[in-house]
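Residues per chain are reported as follows:
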Amino acid sequence: MQIKLYNTLSKQIENFNALDDKDVKIYSCGPTVYNYAHIGNMRAFLFADFLQRVIRTVGGFQVKWVMNITNIDDKTIRDSRIGSQVWLPEMGNQSEDILQNLLTLTEFYEKSFIQDIAALGVNSNHFYKMPRATDYINQMQKLILKIINKRTAYISQGSIYFDLSEYRKTETYGKLFNIDFGNFIEGSRIDSDQYERENISDFVLWKSKREDEPYWDFEIDGQNYPGRPGWHIECSAMEFDILGLPFDIHTGGVDLRFPHHEDEIAQSKAGYGIEPTVFWCHNEFLEVEGEKMSKSKGNFFTLRDLIDQGFDPLDIRFSILSTHYGSIYNFTNSGIKASAKARARVQEFIYSIFDTADNSEVQPDIQKLKNDVFGALADDLHSPKALAKLFGFINEYSGKAIDELSKDSLKEFFTELNEVFNVWEISPRVEIEIKIPSKIIDIAEKRLIVRANKDFAESDNLRKILDDLGYIIKDSKDSYTIIKK
Ligand code: AMP
Ligand code: ZN
C-alpha cells in the first residue's frame, strides 16, 4: 500500500517513496543513557517502532532501522563523575578512570533501556544497529575536519564551533523550525548541548578538555586539541557511516527539531555536502496535566514505576499507539485502564475466531476491513481511524457465527495487524484446567433447561447467581461454557 507521511521539512503529508528498492533506511535519535528513560521518552521510541512496523507490514518494505545511544554528553558526564551522588551500588565501585566510570554508568542504563523497550513490545531483531556515541569518535573527528576544511567551523580556545554566519551565506538554517534571527549575534557561541531558541549561536562541535571529564586526542594540522564531542555531531557522523546519505526517514520528538536536528542538517550539509534525510518525522509530546513530561520538571514516571503500580507494559504500548503520533498524548491512569479494556476486547474477539461452532455461516467482508484498517495506517499512521474501523467491525460481528473460511482470513488479518501493534496473542485461548464445582454445574444445567423452555427471566436470574459465585456462563446454541472469573 502507498504510505503517506507528514514531513516536517515540507510541513505537508507526502507520498513516501523509498530511495532504493532494497531497504528503507530509518535513523531514530535514541536515549541519553544517564538514567531510566521516562514514559515520555518512550513515546518517541514507540512512535519510531510503530512507523518502522507500518513501513514493513503495510508498505511491504524491508527496513534498516538504526537507533543511537548517546553515552557522552553533559548529563552522562555529570552523573558519572567521581563521587557522584546518583551512582548506584548496582553499578559496582567507581574507578579512578573517568572514561571507565562514564561507560559503566551508561552501559547500566543502556541495558535497562533495552529491557524496557523489549517489555514495551519493541523487537530487538528489528534494529540493524544501536551504535554508541563513544564508538564513533573517529568518524565525528573526520566530519569536524571536513567542516573546518570547508571553512564552516573554527577553533577557539581549544574548542571547535560551527560557523553559523558563514553557513547562512549559502544555506538555510531553520528548515524544520521557525527561527527568528532577531537575537542572533554573529560570532556568539554556545557550549551547552541543549539551548533555547533565544540562544541561537555558533554551536559547539568539539569541547576542549576540562578537568574531570573524559577526553580524546584530536590532531589538526599537527596540533593536538584534546576534548570530547558536542551532542549534535554524533548523529551526523553515525548516519553517514552506517546508513549513507541521504537515507529515507529520520525520527525524534518535536523538541529535537531545534537545536538538535537543525544542527544535524547544518553539519551534514556543510561537511558531506548532503542533507541527512528525505523525511523528517517528529512525534508530539506525552504530557501530564498539560505539561510535557520531563526529567527536569519532575513530573515523570518510568516504565518501572508503572509496572510497580500494576500496569501491563503492553497496555501502555497500546494506549500510546492508539493516539495519533502528531497529537499530544495526555497521560492518565484512567486512560491506560481504558486502553487495557479496549485491548482485551480485541483479544477476546481474536480468541473467538479460534473457537469452532456449528452453523457458522456469517461472512463478513474481510477485504474491506483490511483496506479500511491498513488504509488508515498507511495514511500518516492514523491509528485512531484504524482502531475505530476495527472496533466497528468487532462490534458488528462479535458473538456472531462467522464461517470457517472467513475465520481463516481473519486470523491472517490479525496476524498482520499484530505485526504492527504487537499487543495481542494470535492463538486459541490457553485454558487453564480448573475444576468447576458440581454445585456450579448443577445451576448451569438447570439454566440450560429453562433456556430451552424460553424462560429467559429465570435464565437471567441463574446467570446472576453464577456471576455472584464467581463464574461467567457463555451460551452457545445447545450448550454453554463456564469460565471462572
Ligand atoms: P533524550 O533521552 O532526552 O535525548 O530523549 C529521547 C527522546 O525522547 C527524544 O526523541 C525526545 O524528543 C523524546 N521525548 C522527551 N520527552 C518527551 C515527551 N514528554 N513526550 C514525547 N517525547 C519525548
Ligand atoms: Zn540525534
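Quick caveat: nothing in here was measured; it's all calculated off a predicted structure.

### Describing the pairing of strand β2 (residues 12–15)
- Pairing of strand β1 (residues 4–7) with β2, which is carried by four bridges, proceeds in the antiparallel orientation. Bridging from a neighbouring strand, Asn-7 pairs with Gln-12 of β2.
- The loop that links β1 with its antiparallel partner β2 comprises four residues; one of these, Lys-11, has a positive phi angle of about 55°.

### Details of the sheet that holds strand β14 (residues 277–283)
- Taken together, the five strands give an open sheet; going across it, the order is β5-β4-β3-β13-β14, and neighbouring strands pair in parallel fashion. Among the strands making up the open sheet, the edge pair consists of β5 (127–129) and β14. Put simply, the sheet's adjacent strands are angled 30° from each other on average, direction ignored.
- Across six bridges, the pairing between strand β3 (residues 23–28) and strand β4 (residues 62–67) is parallel. Each residue of the ladder has a partner; that of Val-24, found in β4, is Val-63.
- This element, helix α6 (residues 232–243), spans β3, β4, β5 and β13 (247–253) of the sheet and lies at about 160° to β3.

### Focus: the pairing of strand β18 (residues 471–475)
- Relative to strand β19 (residues 480–484), β18 is paired through five bridges, and the arrangement is antiparallel. Within β19, the position partnered with Tyr-471 by the bridge is Lys-484.
- Where β18 hands over to β19, the hairpin turn is made up of four residues, counted between the paired strands.

### Things to note about the packing of aromatic side chains
- One pass over the full model with this rule turns up 28 aromatic pairs.
- An angle of 10° between the planes, with centres 4.9 Å apart, marks the rings of Phe-162 and Phe-203 as stacked. Of this pair, Phe-162 sits in strand β7 (residues 159–162) while Phe-203 is found in strand β9 (residues 202–208), placing the two residues 41 residues apart along the sequence. Each of the two residues, Phe-162 as well as Phe-203, counts as buried.
- An aromatic cluster is present here, built from Phe-349, Phe-374, Phe-393, Tyr-397, Phe-413 and Phe-414 joined pairwise through their rings.
- Over the ring of Phe-181 we find Arg-168; its NZ or CZ atom is 3.4 Å from the centre of that ring.

### Some details on the side chain of His-38
- Relative to the elements of secondary structure, His-38 occurs in the loop between β3 and α1 (39–57).
- A polar contact is formed between the side chain of His-38 and the backbone nitrogen of Gly-40, at a distance of 2.9 Å.
- Residue contacts for His-38: discarding those within four places in its chain leaves Met-293, Ser-294, Lys-295, Phe-300, Phe-301 and Thr-302.

### Some thoughts on helix α15 (residues 456–468)
- Across its 13 residues, α15 extends 18 Å between first and last C-alpha, which sits within 8% of the 18 Å expected from 1.5 Å per residue.
- Within α15, burial applies to Ser-459, Leu-462 and Leu-466. Looking down the long axis of α15, one finds its buried residues gathered within 65° of arc, a one-sided arrangement. Seen from the open side of α15, the exposed residues pointing more than 90 degrees away from its buried face are Ala-457 and Asp-468.
- Structurally, α15 contributes buried residues whose contacts are with α14 (438–452) and β18.
- Of the residues one or two after α15, Gly-470 is the one with positive phi, at around 100°.

### Let's talk about the side chain of Gln-347
- Of note, Gln-347 is situated in helix α10 (residues 333–352).
- One polar contact links the side chain of Gln-347 to the main-chain amide nitrogen of Glu-425, over a distance of 2.8 Å.
- In contact with Gln-347, not counting residues within four places along its chain, are Trp-424 and Glu-425.

### A few points about the coordination of the zinc ion (ligand 2)
- Donor atoms from the polypeptide that coordinate the zinc ion (ligand 2) comprise Cys-29 (SG), Cys-235 (SG) and His-260 (NE2), at 2.0 to 2.2 Å from the metal.
- Spacing between the donor residues of the zinc ion (ligand 2) along the chain follows C-x205-C-x24-H. Taken together, the positions of Cys-29 in the loop between β3 and α1 and Cys-235 in helix α6 put the pair 206 residues apart, joining distant regions of the chain.
- Taking the relative accessible area as the measure of exposure, Cys-235 reaches 1% and is therefore buried.

Thresholds, definitions, all that
Residues numbered from 1 in each chain as written. Chains lettered and ligands numbered in written order. Predicted model: local features only at pLDDT ≥ 70, side-chain atom pairs only at ≥ 80, totals over all residues. Heavy atoms only, no water. Pairing = 2+ DSSP bridges. Helix = DSSP H or I, 4+ residues; strand = E, 2+ residues; numbered from the N terminus. Axes fitted to C-alpha atoms, helices over the stretch in contact; angles between N-to-C directions. Contact = heavy atoms within 4.5 Å. Phe/Tyr/Trp six-rings, centres within 6.5 Å; stacked < 30°, edge-to-face > 60°. Buried < 20%, exposed > 50% of the residue type's maximum accessible area, 1.4 Å probe, protein only. Lys NZ or Arg CZ within 6 Å of the ring centre and 35° of its normal. Polar contact = N/O pair within 3.5 Å; in protein donor to acceptor, adjacent residues only side chain to side chain. Expected span 1.5 Å × (residues − 1). Arc of directions from axis to C-beta. Donors = N, O, S within 2.8 Å, 3.2 Å for Na, K, Ca; no water.

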